[in-house]
Amino acid sequence: VQLVESGGGLVQPGGSLRLSCSASGFTFSNYPMSWYRQAPGKERELVAAITSAGDSTNYADSVKGRFTISRDNAKSTVQLQMNSLKPEDTAVYYCRARRLLQIYWGQGTQVTVSS
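Residues numbered from 1 in each chain as written. Predicted model: local features only at pLDDT ≥ 70, side-chain atom pairs only at ≥ 80, totals over all residues. Heavy atoms only, no water.

Draft legend 1. The overall build of the chain, seen in detail. Helix and strand content of the chain: zero helices and 11 strands. Mapped from its N terminus to its C terminus, the chain presents α and β elements in the order β-β-β-β-β-β-β-β-β-β-β. Taking 13 Å as the expected radius of gyration for a compact globule of 115 residues, we find that the chain reaches 13 Å, a close match to that expectation. Dimensions along the principal axes, computed over C-alpha positions, put the chain at roughly 40 × 25 × 20 Å. (Helix = DSSP H or I, 4+ residues; strand = E, 2+ residues; numbered from the N terminus. Rg over C-alpha atoms; globule rule 2.2 N^0.38 Å.)

Spelled out as structure tokens, the structure:
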């Protein structure tokens, strides 16, 4: 099983980034997917989640209206479009697959929002 995130980097406040997570080794279309983030000295927190079919999403209040989660089951990928980025969005971003007791994590990708 592998989850590989990409797309992180350094961006100025107000900018945008698009994260992608590529999955392999399990039946991706059966798994709800989510993005988490962890800032230095803070606990890991849920950012956004999407159902296995992609027909429902939910977001942390701090990112509503700025971030959009989506998935492509044919390509086994999940994306996080991040707009209007703020310095407080700086964190390592992880994708997670979870179905019942099966939980898989990616290795994370760093997002830094700074001028």
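Draft legend 2. Region of the structure containing the state of the cysteines. Across all of its chains, the model carries one disulfide by this definition. Paired by a disulfide, Cys-21 and Cys-95 hold their sulfur atoms 2.0 Å apart. Where Cys-21 bonds to Cys-95 through sulfur, the torsion about that S-S bond is close to 40°, and the disulfide is right-handed. Remark: Cys-95 occurs in strand S9 (residues 91-99) and Cys-21 occurs in strand S3 (residues 17-24); sequence separation between them is 74 residues. (Disulfide = S-S within 2.5 Å.)

Draft legend 3. View of the side chain of Arg-66. As for its placement among the helices and strands, Arg-66 is situated in the loop between strand S6 (57-59) and strand S7 (67-72). For Arg-66, a relative accessible area of 10% puts it in the buried group. A polar contact of 2.9 Å, which involves the side chain of Arg-66, links it to the backbone oxygen of Ser-62. In this structure Arg-66 touches Gln-81, Met-82, Asn-83, Ser-84, Leu-85, Lys-86 and Asp-89, once residues within four positions along its chain are discounted. (Buried < 20%, exposed > 50% of the residue type's maximum accessible area, 1.4 Å probe, protein only. Polar contact = N/O pair within 3.5 Å; in protein donor to acceptor, adjacent residues only side chain to side chain. Contact = heavy atoms within 4.5 Å.)

Draft legend 4. Structural detail: the environment of Ile-69. Position of Ile-69 relative to the elements: it lies in strand S7. In this structure the C-alpha to C-alpha distance between Ile-69 and Ala-49, which are 20 residues apart in sequence, comes to 6.9 Å. In this view, Ile-69 contacts Met-33, Ser-34, Trp-35, Ala-48, Ala-49, Ile-50, Thr-57, Tyr-59, Val-78, Gln-79 and Leu-80; residues no more than four positions away in its chain are not counted.

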